[in-house]
Amino acid sequence: MNNWLKYLVAVSAILVAGTAAYFSITGLGILFSGDSVAVMVMTGSLEFAKLVSATYLKQRWDEIKGFNKWYLSSAVGILMLITSAGIFGYLSNAFQQQNIKLDQVSREIQVWQNKIDFTNQQITTLQSQSKDLTSTQNTLITKGNVNNRLLRSVDNRDKQSTAISKKINILQDSIVSYNGHINDVKNENINIEREVGGFRFVAEALGMTLNGVVKLFIFLIVIVFDPLAIALVIALN
């Protein structure tokens, strides 16, 4: 192996292994927050022992015999799973904090959307009443004899129609106001939408939910992360 390639492998191994250890230690510290310091110290020790064990196994594979050989091999494998679980916990927690903000924005928008839906229902009801009044009035004028009673009835229905029209206008103005509130909420949280915009695009392209796409990316990172660190350490040896 050329010297420059050795250096590249060494730097890559240190960076990937160090980053994996940091994510794993922090992730497990968050998971066991009751005594996070002790857990992080323990996890750090195990991370270091894992890399040393992988190096030792690589260099002394033919010399190590019996139980010790297979125990160290299985221990490295189990520690890789633990590290991967810690990385998954760290990344999931990071996204969850963002997801809480997204859920809060969605709830705020849904409150105003519910008001818009309810107002639309009221408008539909009033429009139906106005239509019935107009239809009845036309029937009275067409079939009835023109007299004072009929004129008073028509005048009363005109007043009702006018009142209904005013109510409809007020409700329509309310809808415009509600939509304004929705736009305000979106504008206030535009940075959050921008941060997850790429994942939303991928989610739409794959026909998945945003949470599903993020979990898929996290799984892919976890599958590659720590095994790559161990592979690079072995390659360096």
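Counting of residues starts from 1 at the beginning of each chain's written sequence and follows it residue by residue. Predicted model: local features are reported for residues with pLDDT of at least 70 only, side-chain atom pairs are reported and counted for 80 or more only, and whole-chain, interface and lining totals are derived from all residues. As a rule here, side-chain values cover all heavy atoms of the structure and leave hydrogens and water aside.

Draft legend 1. Inspection of the confidence of the model for the protein chain at higher detail. pLDDT gives the predictor's per-residue confidence on a scale running from 0 to 100. Within the protein chain, residue pLDDT values average 81, and 87% of them lie at 70 or more. Only runs of H or I of at least four residues qualify as helices and only runs of E of at least two qualify as strands under DSSP, and these elements are numbered from the N terminus. Averaged over each element, pLDDT in the protein chain is lowest for helix α5 (residues 190-206) (75) and highest for helix α2 (residues 36-60) (87).

Draft legend 2. Representation of the nonpolar core within the structure. Take the buried residues of types Ala, Val, Leu, Ile, Met, Phe, Trp, Tyr and Cys, join any two whose side-chain atoms come within 4.5 Å, and each joined set is a nonpolar core. The rule is simple: take the accessible area with a 1.4 Å probe, protein chains only, and divide by the maximum for that residue type; under 20% is buried, over 50% is exposed, in between is partly exposed. Counting residues in each nonpolar core, the largest one holds 20 residues, and the members touching the most others are Ile87 and Phe225. If you list the elements that add at least two residues to this core, you get α1 (3-31), α3 (66-143), α5 and α6 (210-236). The element best represented in this core is α6, accounting for 8 residues. Throughout, a contact is declared for two residues whenever any of their heavy atoms are within 4.5 Å. The residues touching Ile87, leaving out its near neighbours within four places in the chain, are Ala20, Phe23, Ser24, Val222 and Phe225. Val105, Ile123, Ile164 and Ile182 belong to the second-largest nonpolar core, a separate cluster that totals 12 residues.

Draft legend 3. Examining the packing of aromatic side chains more closely. When two rings of Phe, Tyr or Trp (its six-membered ring) have centres within 6.5 Å they constitute a pair, described as stacked for plane angles under 30 degrees, edge-to-face for angles over 60, and tilted for the intermediate range. All chains considered together, the criterion is met by 8 aromatic pairs. Residues Trp61 and Trp70 carry aromatic rings whose centres are separated by 5.9 Å and whose planes lie at 85° to one another, so their mutual orientation is edge-to-face. For Trp61, a relative accessible area of 34% puts it in the partly exposed group. With a centroid separation of 5.6 Å and an interplanar angle of 20°, the aromatic rings of Phe67 and Tyr71 are classed as stacked. Of this pair, Phe67 and Tyr71 both sit in helix α3, 4 residues apart, roughly one helical turn. Three or more aromatic residues link up through ring pairs in this structure, and these residues are Tyr22, Phe23, Tyr90 and Phe225.

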